[in-house]
Amino acid sequence: MEVLIPKLPSFKFPSPITTRTSSCVRLGFRRLSSLPISASTVNQTVAEPDIGSPSLGHSTRPHFPILHQEVNGSKLVYIDNAATSQKPTAVIKALQNYYEGYNSNVHRGIHFLSAKATDEYESARKKVATFINASDSREIVFTRNATEAINLVAYSWGLSNLKSGDEIILTVAEHHSAIVPWQLVAQKVGAVLKFVNLNEDEVPDIDKLKEMLSRKTKIVVVHHVSNVLASVLPIRDIAHWAHDVGAKILVDACQSVPHMTVDVQNLDVDFLVASSHKALDSYMVKWTSCLLCLHF
Ligand SMILES: Cc1ncc(COP(=O)(O)O)c(C=O)c1O
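Residues numbered from 1 in each chain as written. Predicted model: local features only at pLDDT ≥ 70, side-chain atom pairs only at ≥ 80, totals over all residues. Heavy atoms only, no water.

As annotated in an unreviewed UniProt entry, the chain carries the name Cysteine desulfurase 1 and is attributed to Pisum sativum.

Printed below as a string of structure tokens:
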């Protein structure tokens, strides 16, 4: 049985371990069965702290009140950040400030609290736009989560632009929240879902994706970083191939935005979704857990 070893944070922050395949890169994991197993391999993969130097865990733990508890007699350790991250004190304080200081409706009141809440809300939208290098903060749409953002695109753009015989290309490694909305919309309009399989490296076969594209393709739905494979897809290339046949591209950036620089102008994508609740925030603002970037 193959074993994947997560690359634990190291104290000198070396560049991440990457495995380059013909078309995409897998980040952060080494496949045990494909590595010569030796003490040096293990040391390289799982760094031990220098005696006396504080670990990343030690320096970050104090900022996360939820970790200040014991469960079954041991210090609580949380490793499900891909699903949702725990919130540091700064984020919890921001929420508390909001509820104690200016809780009110945004864009729907003329009193002091509403004006303050609206200003903060719009300033958060600008910060998010800068964070992913959107050219205009109006491209940022706040939704409750990535699932809702993808549904929004499927039921708005999808229902009004897809027709019988049109093709939607996805990979088999998409999160179900990026598959189900397109299955339902395809059923409604008679469009066809086409799935890209994995190649021998067990990452989506991007060469096959390129071959599948045609004038029938209306949208390509792909992850940036996979939550199941850790594959990193060449989004800029895929966007150009999709645009060449007149198709749109929706990128599920849930697992990339929290971990790497994401520049929507450089990637040249039409729709990008990410979850700020997976990026330490509840979210980047107090009102939302997700962003949908419409990049035109
Ligand atoms: C790649 C990917 N896409 C979408 C989602 C769904 O995100 P949300 O919980 O914000 O709906 C997840 C959640 O784990 C994910 O990992």
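> I keep staring at the nonpolar core and nothing clicks. Help me out?
Inside soluble globular proteins, nonpolar side chains tend to come together where they are buried. Formed by 36 residues in total, the largest nonpolar core has its most connected members in L209, V220, I238, V269 and L272. When residues of this core are traced back to their parent elements, those giving at least two are helix 4 (112-131), strand 7 (140-143), helix 7 (206-212), strand 10 (217-223), helix 8 (235-244), strand 12 (248-252), helix 9 (264-267) and strand 13 (271-275). Take this core: its biggest share by element is 5 residues, from helix 8. Contacts of L209, omitting those with residues within four sequence positions, involve I169, V196, V220, V222, I238 and W241. (Core = buried A, V, L, I, M, F, W, Y, C linked by side-chain atoms within 4.5 Å. Buried < 20%, exposed > 50% of the residue type's maximum accessible area, 1.4 Å probe, protein only. Helix = DSSP H or I, 4+ residues; strand = E, 2+ residues; numbered from the N terminus. Contact = heavy atoms within 4.5 Å.)

> What should I look at first to understand the pairing of strand 10 in this one?
The side chains of a regular strand alternate, first on one face of the sheet and then on the other. The element strand 10 is extensively covered by neighbouring structure, given that 6 of its 7 residues are classed as buried. The pairing of strand 8 (residues 167-171) with strand 10 spans 4 bridges and is classified as parallel. Each residue of the ladder has a partner; that of I168, found in strand 10, is I219. Here 5 bridges tie strand 10 to strand 12, and the two strands are oriented parallel to one another. (Pairing = 2+ DSSP bridges.)

> Help me understand the pattern of salt bridges in this model?
Side chains that differ in charge, positive against negative, can pair when their charged atoms come close. Per the stated rule, a full pass over the model turns up 6 salt bridges. R138 serves as the salt-bridge partner of D136, at 2.8 Å between the closest nitrogen and oxygen. You can call D136 partly exposed: its relative accessible area is 27%. Among the residues examined, R138 registers a relative accessible area of 70% and is labelled exposed. A salt bridge links K163 to D166; its shortest N-O distance comes to 3.3 Å. Residue classification places D166 among the buried positions, given a relative accessible area of 4%. (Salt bridge = Lys/Arg side-chain N within 4 Å of Asp/Glu carboxyl O.)

> In this structure, what is going on with the site of the ligand? I would like to understand it.
Every one of the 13 residues lining the ligand counts as a neighbour, but T147, D252, Q255, S275 and K278 are closest to it. One of the side-chain nitrogen or oxygen atoms of H277 is found 2.8 Å away from an oxygen atom of the ligand. Separating an oxygen atom of the ligand from a side-chain N or O atom of K278 is a distance of 2.9 Å. For the ligand, the protein covers 89% of the area, taking 390 Å² as the surface of the free molecule. Residues belonging to the shell around the ligand are distributed by class as follows: 3 nonpolar, 8 polar and 2 charged. (Near = heavy atom within 4 Å. Polar contact = N/O pair within 3.5 Å; in protein donor to acceptor, adjacent residues only side chain to side chain. Areas by Shrake-Rupley, 256 points an atom, 1.4 Å probe, with all protein chains shown as cover. Nonpolar A, V, L, I, M, F, W, Y, C, P; charged D, E, K, R; others polar.)

> Sorry if this is basic, but what is going on with the packing of aromatic side chains here?
Geometrically, a pair of aromatic rings is defined through the distance of the ring centres and the angle of the planes. Tallied over the entire structure, the rule returns 4 aromatic pairs. Judged by centre distance (5.2 Å) and plane angle (80°), the ring pair of Y98 and Y102 falls under edge-to-face. The same class applies to Y98 and to Y102, which are both buried. Here the aromatic rings of Y121 and F142 are separated by 5.5 Å at their centres, their planes lie at 70°, and the arrangement is edge-to-face. Note that Y121 is positioned in helix 4 and F142 in strand 7, a separation of 21 residues in sequence. Like Y121, the residue F142 is buried in the burial classification. Taken together, the ring pairs in this structure connect Y98, Y99 and Y102 into an aromatic cluster. Across from the ring centre of Y102, 4.9 Å away, lies the NZ or CZ of K116, which sits over that ring. (Phe/Tyr/Trp six-rings, centres within 6.5 Å; stacked < 30°, edge-to-face > 60°. Lys NZ or Arg CZ within 6 Å of the ring centre and 35° of its normal.)

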